[in-house]
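What the coordinates show
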Amino acid sequence: MAKPRKSYVCQSCGATFPKWSGQCEACGEWNTLVEEVVADVPRGLSRGSGRGRRIPLTDLGGVPGDAPRLKTGISEFDRACGGGLVPGSAVLVGGDPGIGKSTILLQAVSRLAMSGVKTVYISGEEATAQVQMRAGRLGLDKAPVRLGTETSLRDILATLEGESDVEAVVIDSIQTMFVDNLESAPGTVAQVRATAQELIRFAKKRGIALLLVGHVTKDGQIAGPRVLEHMVDTVLYFEGERGHQFRILRAVKNRFGGTDEIGVFEMTDRGLKEVPNPSALFLGNRDKAVSGAAVFAGMEGSRPMLVEIQALVASSSLGTPRRAVVGWDSGRLAMILAVLDARSGLGFGAQDVYLNVAGGLKVTEPAADLAVAAALVSALADRPLAEDTVVFGEVGLSGEVRPVAHAAQRLREAEKLGFTRAIMPGRVRGVDARLQRSEIGHIYELVELIAGPASRA
Ligand code: TYD
Ligand code: MG
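Treat the numbers as computed from the prediction; the structure is a model and nothing was measured.

A word on the pattern of salt bridges. Applying the stated criterion across every chain yields a total of 19 salt bridges. One salt bridge in this structure joins Arg250 and Glu239, with 3.1 Å as the shortest N-O distance. Here Arg250 is found in strand β10 (residues 246-254), whereas its partner Glu239 is found in strand β9 (residues 234-239), with 11 residues between them in sequence. In this structure, Arg250 and Glu239 share a single accessibility class: buried. Here the salt bridges share partners, and the residues they tie into one network are Glu76, Arg79 and Arg303.

Following this line, the structure appears as structure tokens:
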């Protein structure tokens, strides 16, 4: 066996260095280097020696249609996975502690088990009784899930070897697991990488759908491993604000389906409930036409979703006015403010600006630009938008409003939810919605539309 040596491993990106330093040279993070024992050869529990064996090579054809998927029947979960779990694949479910990862996975495997799929749930964080208690509360104590509480990977693999026909396995969480031939503590990059590698290899060999829970550090990364993201087939993030009951399962990587697909859930006292029509939920308790609010007709993956964007503008008592954003990119907000300033003459310079995406959703589409601009203009001018109006479109630096993809789907969703007007880019063809459209080519037209022609400097 190769002699183990000490190195310093960045807990953020996984880069290794022979010497300690305050900043990781690879990813630029500070104070992330930790001493670990690293073996010189790729580590693993099963390692042979001598000459390699010839592997069989085949054609690209040969698999008729898509691989069959394990559907949990929780449609929001299946949707986020790209239509169900793929046998022989690994899914990483990341998220803040306490957000509901264990709950959703227990619900998912219980549903699988009840439909006759053989499932195993390994918890390294909770005692057997704790998991049983949760199952009881969720009304899942009758589900034929095999439960184990263990953190030694060697024992877990031996157990799984012994169980025939296992089709789905949950490991909760990967940070608690360890292999005993590594000296470093559980949760370090070396351990997380080694345990995940062994588990994934086992899952691929046996055609098991593997679900790994991964905790996220304060700054939004899964502790240890961006490394882990590369190893798995699918990465799902479970997000949501603690104070809100909504939880969003978002696919950020998927080898077997689209990314940006999301599943929307509501946390109740009986676990996570699916929300089949999120638009209605996010718009649920909307005030009647108030200034500073605009409904954005957005897309989340393949699904249209309406969300309210709220802006508050107040004259600032600070030398540098405040800019606070929840649910959107602050750099993008600065850009929209600058464009409004430079291209339409509206002055936000001496104003504090607060922007909020209602319901705890995070919006990432550039198509939200125009809705954000509409909310800002409405707030500054104190003119509400008509309450049955949706807004979407991308805004460029010269103030031009650009068409965005999926206009027809956005309009259809708006129509379905009773909206009658849309403020949107021009030159959009092939849309047969009955909404009354205000087509806008430049940001000053938006300002005129909301604040009136006199407002333009
Ligand atoms: P959990 O799944 O343990 O989170 P994670 O595994 O991501 O750390 O969820 C814990 C939180 O969920 C806890 O704050 C309580 C809440 N919860 C409910 O509100 N209702 C429920 O039915 C359950 C099981 C949990
Ligand atoms: Mg948990």
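To continue, consider the environment of Arg154. Note that Arg154 resides in helix α4 (residues 153-162). Accessibility expressed as a relative area gives 40% for Arg154, which makes it partly exposed.

On to the packing of aromatic side chains, then. By the definition in use, this model includes one aromatic pair. Taken together, a centroid distance of 6.1 Å and an interplanar angle of 80° make the contact between Phe238 and Phe265 edge-to-face. Of the two residues, Phe238 is situated in strand β9 and Phe265 in strand β11 (residues 262-268); the sequence distance between them amounts to 27 residues. Classification of Phe238 by relative accessible area gives buried; the value is 3%. You can call Phe265 buried: its relative accessible area is 0%.

Rules used in this analysis
Residues numbered from 1 in each chain as written. Chains lettered and ligands numbered in written order. Predicted model: local features only at pLDDT ≥ 70, side-chain atom pairs only at ≥ 80, totals over all residues. Heavy atoms only, no water. Salt bridge = Lys/Arg side-chain N within 4 Å of Asp/Glu carboxyl O. Helix = DSSP H or I, 4+ residues; strand = E, 2+ residues; numbered from the N terminus. Buried < 20%, exposed > 50% of the residue type's maximum accessible area, 1.4 Å probe, protein only. Phe/Tyr/Trp six-rings, centres within 6.5 Å; stacked < 30°, edge-to-face > 60°.

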